[in-house]
Amino acid sequence: MEEKLLFELDSVYRDNMRIKGFSFGKGEKSVCIVGATRGNEVQQVYICSQLIKIFRQLEKQGKIKENKSIMVVPTANSYSMNIAKRFWSTDNTDINRMFPGYNLGETTQRIAAGVFENVNDYEYGIQFTSFYMQGSFIPHVRMMKTGFENVELAKDFGLPYVFRREARPYDTTTLNYNWQLWETKAFSVYTNATDSIDVASAREAINAVLNFLNKNEIIEYSCHQGYVSQFIEGHTLVNVKSNVSGIFIRYKDVNTRVTKGDTLAEIIDPHTGLPVDTIKSPVNGIVFFHADQPVIYSQAPLYRIIPTDDLY
Amino acid sequence: MIQTIASVGLPIDETLMIKKNRLIPQSGLNGNEKRISIVTGTHGDELEGQYVCFELQRRIKENYSALKGIVDVYPALNPLGIDSITRGIPAFDLDMNRIFPGSENGSMPEYIASKIIGDLIGSDVVIDIHASNIFLKEIPQVRINELSRDVLVPYAKLINVDYIWIHSSATVLESTLAYSLNSIGTPTLVVEMGVGMRITKNYGDQLVDGIFALMKELGIWSGETAAPKTPIISEDGEVSFINAGSSGVFLPSVEHWKNVKKGDCIGKILNPLTGEVNETIFAQNDGIVFTLREYPIVSEGSLIARILA
Ligand SMILES: [Zn+2]
């Protein structure tokens with residue numbers, strides 16, 4: 001293992017912020033794995049730390065293939081994590097909206113540039129990231145339609161789903177998007193925790209990465225082969241919203257099969273305790289995402305369901 | 001006439017409402033009136049537009065018979081942000097100016113964005129007033145995406161600002177309110193002026209004079225107006241950026257909107273612990289300082305000034 005300082009930010013009031021990369025194996029830059037870019041992405045840091053532990057052992061055992069190298073960057077934003085903030089500590093900007101970065105620009109543009117110049121020439125890029133809304137997903141590989149994305153390759157993770165959605169203007173400054181522009185085959189891996197550690201879901205993500213590296217002949221590692229991934233397009237999911245606001249009592253978890261008409265949740269009046277809305281599933285399907293705030297706004301998206309033809 | 005253009009229920013006994021005030025001619029509407037919309041408060045920490053909304057209406061009401069068209073005033077597109085001193089949309093931590101045109105079926109921010117667009121469509125001109133952020137002080141200016149320069153520059157010249165900055169287009173900016181409206185044929189000017197969390201009254205008065213001049217040109221106002229000043233117009237190539245090379249406390253030694261010569265000292269970055277000067281910042285070229293750092297604490301990369309050659 002080689003520890004490398006990728007970027008250092010000086011500060012008058014705090015210890016310097018150091019972004020570190022941990023690399024394994026020698027030769028061709030095969031895969032780069034990036035964890036937290038936001039201060040609340042602790043699950044992402046945890047997953048990276050576990051991968052570093054495993055790669056260290058694999059390297060010792062000579063199981064990183066000849067002429068292949070791996071680098072893991074557990075966090076690009078320890079400053080925010082250390083003060084329990086999601087976005088950048090001073091100006092609240094989002095480092096994952098600053099790529100490819102600019103080394104003469106604003107602070108977070110410089111941070112992004114410092115990371116990007118170290119990660120942009122790998123063959124594969126894997127990012128552990130989080131969604132802007134509080135909630136849980138079925139573990140999946142997420143990709144944007146950029147013209148460069150490779151769905152078949154994404155299935156090598158063996159996660160239950162490969163999810164693709166349309167790219168929007170604000171996506172063009174994410175790490176994933178810029179990796180793809182620079183011809184790195186990039187994947188974002190979502191698990192169902194962000195600001196807490198979910199060990200079981202972390203294990204699933206770790207297994208998925210090891211599976212991917214094994215199938216693409218970067219490491220030698222036999223593990224559970226995972227699933228035959230199902231490919232889904234964002235627009236085919238069925239969104240379920242609440243029309244009213246109140247306390248959100250959720251009845252269905254992710255990865256649960258639901259039948260049309262099943263009660264997914266109730267919205268309770270916070271003063272009287274009476275139900276003001278009962279949220280029913282509009283289709284047969286599988287719960288892909290659910291929100292998990294205790295209280296919700298009206299119009300809030302609560303569930304996303306993968307429709308299925310289940311007749312039983 | 002106060003109207004609610006979007007409302008969303010909040011969890012505990014509160015409704016979020018986006019409101020506008022519509023002023024119409026005393027004689028009523030014949031259906032052919034022009035309409036100007038003044039919007040502000042997308043970023044909850046930018047307050048300069050609050051005074052403009054007030055002062056514009058105060059002057060109209062002083063001479064109501066001169067009003068010949070429709071004036072729609074939207075003081076707070078992000079009312080929760082303004083009330084809680086939050087730049088983005090509270091609870092979502094989302095920049096509201098990155099979610100337009102929004103969607104009727106989206107989450108709360110997207111839903112509101114789509115309602116706002118739906119209400120603004122068809123205005124003859126929209127003026128979207130911003131106030132920089134808490135870090136930088138800006139001279140009254142209009143920022144125009146080069147894609148819409150032909151349509152917007154004639155309007156921008158009327159609204160009595162000091163400066164018009166025509167900037168290149170970037171994909172990420174396609175989700176702003178102004179881009180969304182301009183792309184569907186509703187001309188929208190973005191004004192930047194002053195500094196976050198403060199009101200600079202003379203800038204507000206200056207812009208209100210300009211809005212009246214524009215309303216007169218559009219046939220919305222028949223009263224007396226002051227002749228707008230002639231703005232400097234520039235493109236990206238003429239603007240240079242100065243960023244901090246080290247962290248510390250920035251103390252400027254130039255005044256905002258004053259000329260500097262190449263080699264002049266712009267300011268110093270001080271170290272309060274050691275008593276040393278961490279960095280002395282010099283102008284790289286002759287020009288005028290139209291953006292100047294207001295918030296003293298800086299880190300490496302913080303924008304210190306923008307200079308127009
Ligand atoms: Zn703004």
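What counts, and where the lines are drawn
- Residues numbered from 1 in each chain as written.
- Chains lettered and ligands numbered in written order.
- Predicted model: local features only at pLDDT ≥ 70, side-chain atom pairs only at ≥ 80, totals over all residues.
- Heavy atoms only, no water.
- Domains from an automatic or database assignment.
- Contact = heavy atoms within 4.5 Å.
- Buried area = accessible area lost by both parts, 1.4 Å probe.
- Salt bridge = Lys/Arg side-chain N within 4 Å of Asp/Glu carboxyl O.
- Polar contact = N/O pair within 3.5 Å; in protein donor to acceptor, adjacent residues only side chain to side chain.
- Helix = DSSP H or I, 4+ residues; strand = E, 2+ residues; numbered from the N terminus.
- Nonpolar A, V, L, I, M, F, W, Y, C, P; charged D, E, K, R; others polar.
- Donors = N, O, S within 2.8 Å, 3.2 Å for Na, K, Ca; no water.
- Tetrahedral: all angles 85-135°; square planar, octahedral: opposite > 155°, others 65-115°.
- Buried < 20%, exposed > 50% of the residue type's maximum accessible area, 1.4 Å probe, protein only.
- Expected span 1.5 Å × (residues − 1).
- Pairing = 2+ DSSP bridges.

Peer 1: With reference to specific residues and values, describe the domain arrangement of chain A.
Peer 2: Residues and elements named next belong to chain A. For chain A, the assigned domains are domain 1 (2–232) and domain 2 (237–307). The distance between the C-alpha centroids of domain 1 and domain 2 comes to 31 Å. The interface of domain 1 with domain 2 comprises 13 residues on the first partner and 14 residues on the second. Note on domain 1 versus domain 2: buried area summed over both sides is about 1200 Å², and carbon and sulfur give 69% of it. Of all residues in domain 1, Gln 134, Ser 136 and Ile 138 bury the most surface against domain 2, accounting for 43% of the area lost on that side. Taken together, the connections running from domain 1 to domain 2 amount to 0 salt bridges. Inspection of the domain 1/domain 2 interface yields 4 residue pairs in polar contact (both at pLDDT 80 or more). Per-element tally for the side of domain 1 that touches domain 2: the top contributor is strand S6 (residues 135–137), with 3 residues. A per-class count over the side of domain 1 that touches domain 2 returns 7 nonpolar, 6 polar and no charged.

Peer 1: Residue-level account of the environment of Leu120(B), with values.
Peer 2: Positionally, Leu120(B) belongs in helix H3 (residues 108–120). Taking the C-alpha atoms as reference, Leu120(B) lies 9.3 Å from Ile36(B); in sequence the two are 84 residues apart.

Peer 1: Can you tell me about the coordination of the zinc ion, naming the residues and giving the values?
Peer 2: Residue and element names in this part refer to chain B. Within the protein, the zinc ion binds to His 43 (ND1), Glu 46 (OE), Glu 46 (OE) and His 130 (ND1); these donor distances fall in the range 2.0 to 2.4 Å. Viewed at the metal, the 4 donor atoms of the zinc ion are separated by angles of 57 to 151°, and the geometry they form is irregular. Counting residues between consecutive donors of the zinc ion along the chain gives the motif H-x2-E-x83-H. When sorted by exposure, His 43 lands in the same class as Glu 46, which is buried.

Peer 1: Tell me what's going on with the interface of chain A and chain B, and back it up with residues and numbers.
Peer 2: Across the contact, 33 residues belong to chain A and 39 residues belong to chain B. For the chain A and chain B pair, buried surface summed over both sides reaches about 2800 Å², with 58% attributable to carbon and sulfur atoms. On the chain A side of the contact with chain B, Val12(A), Tyr132(A) and Tyr297(A) bury the most area, a combined 23% of that side's loss. One can count 2 salt bridges joining chain A with chain B.

Peer 1: Quick one: what's the story with helix H6 (residues 199–215) of chain A, residue by residue and with numbers?
Peer 2: All names here are of chain A. The end-to-end C-alpha separation of H6 is 24 Å, in line with the 24 Å expected for 17 residues at 1.5 Å each. Three or more residues of H6 are buried, namely Ser 201, Ala 202, Ala 205, Ile 206, Ala 208, Val 209, Leu 210, Asn 211, Phe 212 and Leu 213. Structurally, the start of H6 carries an N-cap: the backbone nitrogen of Ala 200 is 3.2 Å from a side-chain oxygen of Asp 198. Note on H6: the residue one or two positions beyond its end, Glu 217, has a positive phi of about 55°.

Peer 1: Describe the sheet that holds strand S17 (residues 295–296) of chain A, and please don't skip the residues or the numbers.
Peer 2: Residues and elements named next belong to chain A. Judged by pairing direction, the sheet is antiparallel, and its 4 strands sit side by side in the order S15-S14-S12-S17 without closing on themselves. What marks the edges here is a single partner per strand, and that holds for strand S15 (275–280) and S17. In this structure, strand S12 (residues 246–250) lies alongside strand S14 (residues 263–268), joined through 4 bridges in antiparallel fashion. Within S14, the position partnered with Ile 249 by the bridge is Glu 266.

Peer 1: Tell me about the sheet that holds strand S11 (residues 248–252) of chain B, and name the residues and values.
Peer 2: All names here are of chain B. Read across the sheet, 4 strands follow the order S14-S13-S11-S16 without closing on themselves; strand pairing throughout is antiparallel. In this open sheet, the two strands that pair with only one neighbour each are strand S14 (276–282) and strand S16 (297–298). The sheet contact formed by S11 and S16 spans 2 bridges and is antiparallel. Among the inter-strand pairings, Val 249 is bridged to a residue of S16, identified as Ile 297.

Peer 1: Explain the domain arrangement of chain B to me, using residue names and the numbers behind them.
Peer 2: Interface size is commonly expressed as the accessible surface area that is lost when the partners come together. Residues and elements named next belong to chain B. Per the domain assignment, the segments making up chain B are domain 1 (2–230) and domain 2 (237–308). One C-alpha centre belongs to domain 1, the other to domain 2, and the line joining them spans 31 Å. Carbon and sulfur atoms supply 67% of the area buried between domain 1 and domain 2, which totals about 1200 Å² over both sides. Contact with domain 2 buries area across many residues of domain 1, yet Phe 135, Leu 136 and Lys 137 alone supply 42% of it, more than any other trio. In this assembly, domain 1 and domain 2 are joined by 2 salt bridges.

Peer 1: How would you sum up helix H3 (residues 107–119) of chain A? Please name residues and give values.
Peer 2: Residues spaced three or four apart along an α-helix point in a common direction, a consequence of the helix completing one turn every 3.6 residues. The end-to-end C-alpha separation of H3(A) is 19 Å, in line with the 18 Å expected for 13 residues at 1.5 Å each. Within the sequence span of H3(A), burial applies to Thr107(A), Thr108(A), Arg110(A), Ile111(A), Ala112(A), Ala113(A), Gly114(A), Val115(A), Phe116(A), Asn118(A) and Val119(A). Where H3(A) is buried, its residues meet strand S1 (2–9), strand S2 (17–25), strand S3 (28–36), strand S4 (68–75) and helix H5 (175–181) of chain A together with strand S10 (239–243) of chain B.

Peer 1: Could you give an account of the environment of Ser78(A), with specific residues and numbers?
Peer 2: Residues and elements named next belong to chain A. By secondary structure assignment, the location of Ser 78 is in helix H2 (residues 78–82). Distance in space between the C-alpha atoms of Ser 78 and Val 45 is 9.9 Å, their sequence separation being 33 residues. Not counting chain neighbours up to four residues away, the residues in contact with Ser 78 comprise Met 17 and Arg 18.

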